[in-house]
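What follows is each chain in one-letter form.
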Amino acid sequence: MKYFSYIISSTLFVVILLSSCSTTQRHYKSVSFLDYSIFNKSGVFVTESNSAPFDYEAIGRIFITELSGYKRGKEVKSKIQDPYSEKKYEETYIGANYENMCSEMCDKIKSIGGDGIINFSIIEIPATTQNGSGIRLTGMVVKRK
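Parameters at a glance
- Residues numbered from 1 in each chain as written.
- Predicted model: local features only at pLDDT ≥ 70, side-chain atom pairs only at ≥ 80, totals over all residues.
- Heavy atoms only, no water.
- Core = buried A, V, L, I, M, F, W, Y, C linked by side-chain atoms within 4.5 Å.
- Buried < 20%, exposed > 50% of the residue type's maximum accessible area, 1.4 Å probe, protein only.
- Helix = DSSP H or I, 4+ residues; strand = E, 2+ residues; numbered from the N terminus.
- Contact = heavy atoms within 4.5 Å.
- Expected span 1.5 Å × (residues − 1).
- Arc of directions from axis to C-beta.
- Polar contact = N/O pair within 3.5 Å; in protein donor to acceptor, adjacent residues only side chain to side chain.
- Salt bridge = Lys/Arg side-chain N within 4 Å of Asp/Glu carboxyl O.
- Pairing = 2+ DSSP bridges.

Draft legend 1. Structural context of the nonpolar core. By size, the foremost hydrophobic cluster in this structure holds 17 residues, and its most contacted members are Phe 39, Tyr 98, Met 105, Ile 109, Ile 117, Phe 120 and Leu 137. Of all elements in the fold, only helix H2 (37-41), strand E2 (56-67), helix H3 (98-111), strand E5 (116-125) and strand E6 (134-144) reach the threshold of two or more residues within this core. Considering every element that reaches this core, the biggest residue donor is H3, with six residues. Excluding residues that lie within four positions of it along the chain, Phe 120 makes contacts with Tyr 36, Phe 39, Val 46, Thr 47, Glu 48, Met 105, Leu 137, Thr 138 and Gly 139.

Draft legend 2. Geometry of H3. With 14 residues, H3 extends 20 Å between its outermost C-alpha atoms, agreeing within 8% with the 20 Å of an ideal straight helix rising 1.5 Å per residue. Of the positions making up H3, those classed as buried are Tyr 98, Met 101, Cys 102, Met 105, Cys 106 and Ile 109. Buried residues of H3, seen end-on, are gathered within an arc of 140 degrees and therefore sit on one face of the element. Exposed and facing more than 90 degrees away from the buried side of H3 are Asp 107 and Ser 111. Packed against the buried residues of H3 are H2, E2, E5 and E6. Where H3 starts, the residue carrying a side-chain oxygen 3.1 Å from the main-chain nitrogen of Glu 99 turns out to be Asn 97. Within two residues after H3, Gly 113 carries a phi angle of roughly 90 degrees, on the positive side.

Draft legend 3. Broad picture of the pattern of salt bridges. By the definition in use, this model includes one salt bridge. Here Arg 144 ties to Asp 115 by a salt bridge, and the two come within 3.7 Å at their closest N and O atoms. Residue Arg 144 is located in strand E6, and its partner Asp 115 is located in the loop between H3 and E5; the two are separated by 29 residues in the primary sequence.

Draft legend 4. Expanded view of the sheet that holds E6. Strand order in the open sheet formed by four strands is E1-E5-E6-E2, and the pairing between neighbours is mixed. The sheet is open, and its two borders are formed by strand E1 (45-46) and E2, each paired with just one other strand. Direction of pairing for E1 relative to E5: parallel, over a ladder of two bridges. Pairing of Phe 45 across the sheet is with Gly 116, part of E5.

Draft legend 5. Spotlight on the environment of Lys 88. Mapped onto the elements, Lys 88 comes out in strand E4 (residues 88-94). The class of Lys 88 is exposed, set by a relative accessible area of 54%.

Draft legend 6. Expanded view of the pairing of E5. Pairing between E5 and E6: eight bridges, direction antiparallel. By the bridge assignment, Glu 124 is partnered in E6 with Ile 135.

Draft legend 7. Geometry of the pairing of strand E3 (residues 69-76). Judged by how many residues are buried, E3 sits mostly at the surface: zero of eight residues are covered. Strand direction decides the pairing type here: E3 and E4, joined by six bridges, are antiparallel. Of the residues in E4, the one forming a bridge with Lys 71 is Thr 92.

Here's what the structure looks like:
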């Protein structure tokens with residue numbers, strides 16, 4: 001009898017083990033290239049190093065963050081007059097745009113008297129339930145002596 005119950009329990013264990021929920025892992029590969037020529041075209045020196053091959057004056061740290069998401073537009077008027085319904089708006093999806101962010105960063109660097117950025121870093125921001133994925137650019141603004 002013990003042998004019979006051992007076989008049943010072992011069989012049940014194997015059946016449960018093999019019938020458990022599992023997901024197949026999917027292969028993923030990504031190659032990205034972020035071009036620094038945007039800075040060069042604007043006359044802004046850029047390096048990921050924490051130093052530069054010339055004397056400089058540190059001006060400050062710069063950050064720019066952009067998250068993908070929907071931008072609210074103008075209100076859409078409903079044909080049905082319902083005092084309890086929420087207002088509806090046109091929405092346009094806007095993705096984080098690296099080139100635009102770099103251009104804005106160059107404009108800001110020049111407006112504060114800088115001509116370079118050292119210790120430049122790019123941080124990818126993963127999507128959450130509240131926001132889409134995004135990018136954060138940061139570095140130290142410098143002026144060549």
